[in-house]
Amino acid sequence: MIGDMKPPNIVILTGAGISKESGLHTFRDGDGLWAKHRIEDVATPEAFARNPALVQGFYNARRAQLRDPTVQPNVAHRALAELEANWPGGFLLVTQNIDDLHDRAGSRRLIHMHGELMKARCLRCGAVSEAGGDLSPETPCPACEAAGGMRPHVVWFGEMPLEMERIGAALDACDLFVSIGTSGAVYPAAGFVQEVRHRADTLELNLEPSEGSHLFDEARHGPATRLVPAFVREMLAKWA
């Protein structure tokens, strides 16, 4: 992997597996909030139009889980922030997660491609605002003061992920693509490895082989809290 001429430009993709070790349920867990609701009822624009109170209640519960003081960034989140802070080449962290654990760990060159749970977006004026507490169908927009239009700032099924142009440009320029804690089943993120695999080195760090594990040059399997710090130490020892 990776030549010795200069530090590679890195793009890292993270999924729910990295946050599960901080105590957050993943989409595919058999317990937790997702198991109690159909996707069609809580995670589509149609669901919000049909029953905004149900959708707001679902995301209020997810927000409350994230506010639990026991839910904190783990050593994998912190290792990626350390890599960013000390990396001499290009770096971008793209997460599919809507939690704020990467942010709290110190990551700044970060894109939340599926949005952010702790923010809300006004359907009337488009403003995005902080939303650490509960939302209701009557919550007014801090920007335009209109009520009835605040929705979770998350990407629902059927909607386009955020900042895809910026992500595409980073993938075009990357020399190393690393996928961490993702099932490889949700597109377009699951297709990133195929976009870069013939011109960049690719590495999977996952608890178990993902659906696209065979597409990577190298795959290491185990907990993110073990694999990610080891990967960061390896990279910084060589390049920083």
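Residues numbered from 1 in each chain as written. Predicted model: local features only at pLDDT ≥ 70, side-chain atom pairs only at ≥ 80, totals over all residues. Heavy atoms only, no water.

J.: Explain the overall build of the chain to me, please; I cannot follow it from the model alone.
T.: Along the backbone of the chain there are 9 helices and 9 strands. A compact globule built from 240 residues should have a C-alpha radius of gyration of about 18 Å, and the chain, at 18 Å, falls within 12% of that. In terms of overall dimensions, the chain has a C-alpha envelope of 55 × 35 × 30 Å along the principal axes. Relative to its 240 residues, the chain shows a buried fraction of 50%. (Helix = DSSP H or I, 4+ residues; strand = E, 2+ residues; numbered from the N terminus. Rg over C-alpha atoms; globule rule 2.2 N^0.38 Å. Buried < 20%, exposed > 50% of the residue type's maximum accessible area, 1.4 Å probe, protein only.)

J.: Mind showing me how you'd approach the sheet that holds strand β6 (residues 150-154) here?
T.: Backbone-to-backbone hydrogen bonds pair the strands of a sheet. The strands run either parallel or antiparallel. Spatial ordering of the open sheet is given by β5-β4-β6, a layout of 3 strands whose pairing is antiparallel. In the strand order of this sheet, the two ends are held by β5 (128-130) and β6, each with one partner. Here the strands of the sheet are splayed against their neighbours by 45° on average, with no regard to which way each runs. (Pairing = 2+ DSSP bridges. Axes fitted to C-alpha atoms, helices over the stretch in contact; angles between N-to-C directions.)

J.: Mind showing me how you'd approach the layout of surface pockets here?
T.: Over the atoms rolls a probe the size of a water molecule, and its path tells where empty space is left. What the second largest pocket holds in volume is close to 170 Å³. Around the second largest pocket, the lining comprises 20 residues; the ones closest to its centre are Gly184, Ala190, Val193, Gly212 and Phe216. Where the lining of the second largest pocket is concerned, the elements lending two or more residues are β7 (176-180) and α8 (192-196). Looking at which element gives the most residues to the lining of the second largest pocket, the answer is α8, with 3 residues. (1 Å grid on protein atoms, 1.4 Å probe; cavity = no way out; pocket = protein on both sides within 12 Å on 5 of 7 lines; lining within 4 Å. Points joined across faces, edges and corners; volume = space filled by probe spheres on them.)

J.: Honestly, helix α4 (residues 52-67) in this entry has me stumped. Any pointers?
T.: Counted at 1.5 Å a residue, the expected span for α4 with its 16 residues is 22 Å, and the 22 Å between its end C-alpha atoms agrees. In the core, the buried residues of α4 are packed alongside α2 (39-42), α3 (45-50), α6 (101-105), β4 (115-122) and β6. (Expected span 1.5 Å × (residues − 1). Contact = heavy atoms within 4.5 Å.)

J.: How do you make sense of the pairing of strand β1 (residues 10-14) when you look at a structure like this?
T.: Burial analysis of β1 places 5 of its 5 residues in the buried class, the great majority of the element. Both faces of β1 are covered, namely the face carrying Ile10, Ile12 and Thr14 and the face carrying Val11 and Leu13. For β1 and β7, the ladder comprises 5 bridges, and the chain directions are parallel. By the bridge assignment, Thr14 is partnered in β7 with Ile180.

J.: Just checking my understanding: could you explain the packing of aromatic side chains for this structure?
T.: Each aromatic ring pair is specified by the distance between its two centres and by the angle formed by the two planes. Throughout the structure, instances matching the rule amount to 5 aromatic pairs. Ring geometry for Phe48 and Trp156: centres 5.5 Å apart, planes at 40°, overall tilted. A residue pair is termed long-range when its members are at least 10 positions apart, and Phe48 in helix α3 and Trp156 in the loop between β6 and α7 (164-173) qualify at 108 residues. With respect to class, Phe48 is no different from Trp156; both count as buried. Plain terms: the ring middles of Tyr59 and Trp156 are 6.3 Å apart, the flat faces sit at 45° to each other, and that makes the pair tilted. (Phe/Tyr/Trp six-rings, centres within 6.5 Å; stacked < 30°, edge-to-face > 60°.)

J.: Got a minute to help me understand the environment of Thr95 in this structure?
T.: Counting through the fold element by element, Thr95 comes out in strand β2 (residues 91-95). Sequence separation of Thr95 and Met113 is 18 residues, and the distance between their C-alpha atoms is 6.2 Å. Excluding residues that lie within four positions of it along the chain, Thr95 makes contacts with Thr14, His102, Leu110, Ile111, His112, Met113 and His114. Looking at Thr95, its side chain comes within polar contact range of the side chain of Thr14, at 2.8 Å. (Polar contact = N/O pair within 3.5 Å; in protein donor to acceptor, adjacent residues only side chain to side chain.)

J.: Whenever I open this one, the sheet that holds strand β8 (residues 201-206) confuses me. Can you help?
T.: Within the open sheet, the 6 strands sit side by side as β3-β2-β1-β7-β8-β9. Their pairing is parallel. The open sheet has two edge strands, β3 (110-112) and β9 (218-221), and neither has a second partner. The average angle at which neighbouring strand axes cross in this sheet is 15°, direction not considered. In this sheet, β3 lies alongside β2 in parallel orientation, the contact comprising 3 bridges. Within β3, the position partnered with Leu93 by the bridge is Leu110. Each of β1, β2 and β7 touches helix α5 (residues 75-86); the most contacted strand, β2, lies at about 155° to it.

J.: Explain the pattern of salt bridges to me, please; I cannot follow it from the model alone.
T.: When their charged atoms lie close together, side chains carrying opposite charge are able to pair. For the structure on display, the rule yields 9 salt bridges. Linking Arg38 and Asp41 is a salt bridge whose minimum nitrogen-to-oxygen distance equals 3.1 Å. With its nearest N and O atoms 3.1 Å apart, the salt bridge here joins Arg166 to Glu163. It is possible to trace a salt-bridge network through shared partners that takes in Arg38, Asp41 and Arg50. (Salt bridge = Lys/Arg side-chain N within 4 Å of Asp/Glu carboxyl O.)

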